[in-house]
Amino acid sequence: MPRIGVVGTIDGWSSETLADTLAEKTGYRLLIDLERVSLDLSSGSAWYEGTDLSRLDALMIKKVGSRYSPALMDRLEILRFLHERGLPMYSNPYRIMRVLDRLSCTVTLKNGGIPMPDTTITEDPDAAERAVEGYGEAVFKPLYTSKARGMTVIRAGKGARERIDAFSAQFGIMYIQKKLDLGGQDLGVTFLGGEYLTTYARCGDGSSWNTTTHSGGQYQAYAPSRETVALAKKAQDLFGLDFTCVDVAETPEGPVIFEVSAFGGFRGIQTAGGLDAARLYVDYVLERM
């Protein structure tokens, strides 16, 4: 049986579950914390706790860090080095890079004709203030984040400029998106190998402007429209990931896309739909090996 490692977070539910499932299927278990990997460019070896990752049969990438930051891009470069020297990976680390940076993901989606909320990108606080005045209410988003961490809602009017200046001082580049009325929920539309798998809803509890589980939201089963699934598939096709979750909102004007994720979905799929995402993903990889 192949020796397949899991790149993930130690004690992280989805990472541990994926590693456990691989152990059950193949008899081999290795969960890899990239922060503790040492890459030797001369020999091409990458060591983790006595194992040379370059000699494994494949890697499945579930997480590259517990918190999103630009440092994750550097960790993905280690994986890209190994992948381009012949180590199979699911998903391709270069493709993950294209979705990890929110701005890179957005540019690809917009150039691909995907409808998104009105968005302004700027480092100029004056331009940011004009954007907020035009939108009325806007969500300011860090370029590297998950579960809405670091995001802030700014309304036009008194106090807006002070909050813009504070965000600018912390993050520099400001990713500003018109705040939409989502009716208390948004969707995670998931795909495996480019084929539609299932959809779950994230439903807020009313305590926060966002619906993430980090802010009290709950996963629920959901049956999306064919239009929503088709748009989500068009969005994920732009990136070619092996497993992905597309964040979608259904609005009166039709569905819009927020982002495509390389890491999310496992918990929502199981909680809302009763599907074992880890088992499905492992079977998918083993079939291709």
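As a reminder, the structure under discussion sits directly above these lines.
The sections below set out a description of the structure shown in this document. (Residues numbered from 1 in each chain as written. Predicted model: local features only at pLDDT ≥ 70, side-chain atom pairs only at ≥ 80, totals over all residues. Heavy atoms only, no water.)

### A closer look at the overall build of the protein chain
Link 1 in the chain: Scanning the protein chain from terminus to terminus reveals 9 helices and 16 strands.
Link 2 in the chain: Against the 2.2 N^0.38 benchmark of 19 Å for 289 residues, the protein chain shows a C-alpha radius of gyration of 20 Å, consistent with a compact globule.
Link 3 in the chain: Dimensions of the protein chain, computed from C-alpha atoms along their principal axes, come out at roughly 60 × 45 × 35 Å.
Link 4 in the chain: Across the 289 residues of the protein chain, 52% fall into the buried class.
Link 5 in the chain: A separation of at least 24 residues holds for 63% of the contacts in the protein chain among residues at least 6 apart in sequence.
Link 6 in the chain: Accessible area for the protein chain stands at about 13,100 Å²; split by element, carbon and sulfur atoms hold 45% of it.
Link 7 in the chain: Charge separation in the protein chain, taken as the distance between the mean sites of 32 positive and 37 negative side-chain charges, equals 1 Å. (Helix = DSSP H or I, 4+ residues; strand = E, 2+ residues; numbered from the N terminus. Rg over C-alpha atoms; globule rule 2.2 N^0.38 Å. Buried < 20%, exposed > 50% of the residue type's maximum accessible area, 1.4 Å probe, protein only. Contact = heavy atoms within 4.5 Å. Areas by Shrake-Rupley, 256 points an atom, 1.4 Å probe, with all protein chains shown as cover. Lys, Arg positive; Asp, Glu negative; His and termini not counted. Charge placed at Lys NZ, Arg CZ, Asp CG, Glu CD.)

### Here we look at the pattern of salt bridges
Link 1 in the chain: Evaluated as defined, the whole model comprises 19 salt bridges.
Link 2 in the chain: Here arginine 55 and aspartate 52 are joined by a salt bridge, their closest N and O atoms 3.6 Å apart.
Link 3 in the chain: Taking relative accessible area as the criterion, arginine 55 reaches 65% and is therefore assigned exposed.
Link 4 in the chain: Relative accessible area serves as the criterion here: at 8%, aspartate 52 is assigned to the buried category.
Link 5 in the chain: A network of salt bridges, in which partner residues are shared, links Asp126, Glu129, Arg161 and Asp165. (Salt bridge = Lys/Arg side-chain N within 4 Å of Asp/Glu carboxyl O.)

### Brief notes about the sheet that holds strand β4 (residues 45-48)
Link 1 in the chain: Spatial ordering of the open sheet is given by β3-β4-β5, a layout of 3 strands whose pairing is antiparallel. Strands at the two margins of the open sheet, each flanked by one partner only, are β3 (38-40) and β5 (51-52).
Link 2 in the chain: Looking at chain direction, β3 and β4 are connected through 3 bridges and run antiparallel. Its bridge partner being in β4, leucine 39 is matched across the sheet by alanine 46. (Pairing = 2+ DSSP bridges.)

### Considering the packing of aromatic side chains
Link 1 in the chain: For the structure on display, the rule yields 7 aromatic pairs.
Link 2 in the chain: Seen from their ring centres, tyrosine 281 and tyrosine 284 are 6.2 Å apart, and the 40 degrees between their planes marks the pair as tilted. In this pair, tyrosine 281 and tyrosine 284 are both assigned in helix α9 (residues 277-288), 3 residues apart and thus about one turn of the helix distant.
Link 3 in the chain: Residue classification places tyrosine 281 among the buried residues on the basis of a relative accessible area of 3%.
Link 4 in the chain: On the basis of relative accessible area, tyrosine 284 is assigned to the buried category, the value being 9%.
Link 5 in the chain: An aromatic cluster of three or more residues is present, and its members are Phe243, Phe266, Tyr281 and Tyr284.
Link 6 in the chain: Directly above the ring of tyrosine 175 sits arginine 102, whose terminal nitrogen or CZ lies 5.9 Å from the centroid.
Link 7 in the chain: Residue placement shows arginine 267 over the ring face of tryptophan 13; its charged tip is 4.1 Å from the ring centre. (Phe/Tyr/Trp six-rings, centres within 6.5 Å; stacked < 30°, edge-to-face > 60°. Lys NZ or Arg CZ within 6 Å of the ring centre and 35° of its normal.)

### Digging into α9
Link 1 in the chain: Spanning 12 residues, α9 covers 17 Å between terminal C-alpha atoms, matching the ideal 16 Å at 1.5 Å per step.
Link 2 in the chain: Residues Ala277, Ala278, Tyr281, Val282, Tyr284 and Val285 constitute the buried set of α9. The arc that holds the buried residues of α9, viewed along the axis, is 155 degrees, so those residues lie on one side. (Expected span 1.5 Å × (residues − 1). Arc of directions from axis to C-beta.)

### Re the nonpolar core
Link 1 in the chain: Counting residues in hydrophobic clusters, the biggest one holds 49 residues, and the most contacted among them are Leu53, Val64, Leu79, Leu109 and Val260.
Link 2 in the chain: Among the elements that take part in this core, helix α2 (residues 71-84) stands out by supplying 6 residues, more than any other.
Link 3 in the chain: Dropping the residues within four chain positions of it, valine 260 is found in contact with Val99, Cys105, Leu109, Ala235, Gln236, Phe239, Leu241, Thr244, Cys245 and Val246.
Link 4 in the chain: Core analysis: the next-biggest nonpolar cluster, separate from the first, contains 23 residues, Leu18, Leu192, Ala277 and Ala278 among them. (Core = buried A, V, L, I, M, F, W, Y, C linked by side-chain atoms within 4.5 Å.)

### Details of the sheet that holds strand β9 (residues 137-141)
Link 1 in the chain: Pairing within the open sheet is antiparallel, and its 4 strands lie in the order β8-β11-β9-β10. The open sheet has two edge strands with one neighbour each: β8 (119-122) and β10 (152-155). For this sheet, the mean angle separating the axes of adjacent strands, direction not counted, is 25 degrees.
Link 2 in the chain: Here 4 bridges tie β9 to strand β11 (residues 174-178), and the two strands are oriented antiparallel to one another. Pairing of phenylalanine 140 across the sheet is with isoleucine 176, part of β11.
Link 3 in the chain: Here helix α6 (residues 160-171) sits on the sheet and contacts β9, β10 and β11; the angle it forms with β10, its principal contact strand, is near 150 degrees. (Axes fitted to C-alpha atoms, helices over the stretch in contact; angles between N-to-C directions.)

### Regarding the packing of helix α1 (residues 13-26) against helix α8 (residues 266-273)
Link 1 in the chain: One can describe the packing of α1 onto α8 by two numbers: an axis separation of 9 Å at closest approach and a directional angle of 80 degrees. Of the possible angle classes, the one that applies to α1 and α8 is roughly perpendicular. Between α1 and α8, the residues in contact are Trp13, Ser14 and Leu18 and Phe266, Arg267 and Gln270, respectively. (Parallel < 35°, antiparallel > 145°, perpendicular 65-115°, else oblique.)

Functional significance is not addressed by these values, which are geometric in nature.
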